[in-house]
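Chain by chain, the residues run as shown.
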Amino acid sequence: MILLDYSQIALSNIIVQKLNDESMIRHMILNSIRMYNKRYRDEYGQMVICADGMNTWRKDYFPYYKAKRRKNRDESSQDWNEIFRILHLVRDEIKENLPYKVVHMEGVEADDIIASLVLQSQEFGMNEPMMIVSSDKDFIQLQKFNNVKQFSPIQKKFVKDDNPRTYLFNHIMKGDTGDGVPNVLSDDDTFVSDKKQTPLRKTRIAEWLENSEDLRSVMPEEIFRNYQRNKKLIDLTEVPETIQESIIYNYNEQKVAMKMRVLNYLIKKRCNQLIEVVEEFYNNEKIIAWDIKRS
């Protein structure tokens, strides 16, 4: 299975190339999908488009989650309302016209979708190889599963860590500045109030790692509380079970578009260069379905 991080793939190109034109953005997105489908379909099978929904559950849990991103976009010279309109439009066009499942749900991020499909593969079909196409290093933690690999479109190379479990532990301790998650020594509102994070030494993280089975006994109460905050936001196995089940249900219930629709769609949208390689959009393998019943 090829798990494509839709928003990350699209936005990385839009920001670098400063795209605002609907036709150019559509072509860029479709060409990326074509390229990765062609590259990985023989080994990994079907492609699944994983797209962010609005109002993530993490925002309900932690109100400061990604709080500064809107401010940064408001200060940008690009028209983000128009960009998101185009992204949503093309996402829906893909679902209607291309032979891929597009998983997109309110309150759910692409990270949740990718993680849920990977976790489900551990229960049903351990031999199913999973290729994550995203530059987001959050997915390194999923490499603890032997059937998972990741390719970064930005770095144009595979993303790999020799010890993904230790990587996750360090990530939780250090937080995630881009997502507005402070380190475990810092207050919830650190980034929105322009406070400085309390410095966190590597030696202290190493000490906690040695006692990771019983952190409550070696951490002061406030720090342990912050550790739990960060683990909920960063550890992808913490996605609520009801959300995981909804994702798998959404995936299973979808019917992909017939192959004949691809060419008509490319002609209608005047994607002339892509018409010449239309066969590179097709899947080689049948779509699998998973039982979501849990013991």
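Above: the structure in question.
Now for a look at the structure at hand. This one's a predicted model, so the numbers in the text were calculated from it and none came from an experiment. (Residues numbered from 1 in each chain as written. Predicted model: local features only at pLDDT ≥ 70, side-chain atom pairs only at ≥ 80, totals over all residues. Heavy atoms only, no water.)

**Considering the overall build of the protein chain**
A tally of helices and strands in the protein chain yields 13 helices and 6 strands. Over its C-alpha atoms the protein chain spans a radius of gyration of 20 Å, differing by no more than 12% from the 19 Å that the globule rule assigns to 295 residues. Principal-axis analysis of the C-alpha atoms gives the protein chain an extent of 60 × 50 × 30 Å. Counting every position in the protein chain, which comprises 295 residues, the buried fraction comes to 50%. Taken as a whole, the protein chain presents about 15,300 Å² of accessible surface, with 47% of it coming from carbon and sulfur. (Helix = DSSP H or I, 4+ residues; strand = E, 2+ residues; numbered from the N terminus. Rg over C-alpha atoms; globule rule 2.2 N^0.38 Å. Buried < 20%, exposed > 50% of the residue type's maximum accessible area, 1.4 Å probe, protein only. Areas by Shrake-Rupley, 256 points an atom, 1.4 Å probe, with all protein chains shown as cover.)

**Re the environment of Ile 243**
Along the chain, Ile 243 falls in helix H11 (residues 241–253). Owing to a relative accessible area of 15%, Ile 243 belongs among the buried residues under this scheme. As for Ile 243 and Ser 23, which are separated by 220 residues in sequence, their C-alpha atoms are 34 Å apart. Look past the residues within four positions of Ile 243 in its chain and what remains in contact with it is Trp 57 and Val 108. (Contact = heavy atoms within 4.5 Å.)

**Side note on the side chain of Asp 112**
Assignment of secondary structure puts Asp 112 in helix H6 (residues 110–123). Judged by its relative accessible area of 0%, Asp 112 falls in the buried class. At 2.9 Å, the side chain of Asp 112 forms a polar contact with the backbone nitrogen of Glu 109. Leaving out residues up to four positions away in the same chain, Asp 112 has contacts with Trp 57, Arg 58, Val 239 and Ile 247. (Polar contact = N/O pair within 3.5 Å; in protein donor to acceptor, adjacent residues only side chain to side chain.)

**Thoughts on the nonpolar core**
Among the nonpolar cores identified, the biggest contains 39 residues, and Tyr 6, Ile 29, Leu 30, Ile 49, Leu 87, Ile 94 and Leu 266 are the most heavily contacted of them. At the level of elements, strand E1 (2–5), helix H1 (6–17), helix H2 (22–44), strand E2 (47–51), helix H5 (80–97), strand E4 (130–133) and helix H12 (260–268) are the ones that each hand at least two residues to this core. If you tally residues by element for this core, the top one is H2, at 8 residues. Residues in contact with Ile 29, not counting those within four places in the same chain, are Tyr 6, Ala 10, Leu 87, Val 90 and Ile 94. Membership of the second largest hydrophobic core comes to 27 residues, among which are Trp 57, Ile 132, Val 148 and Ile 243. (Core = buried A, V, L, I, M, F, W, Y, C linked by side-chain atoms within 4.5 Å.)

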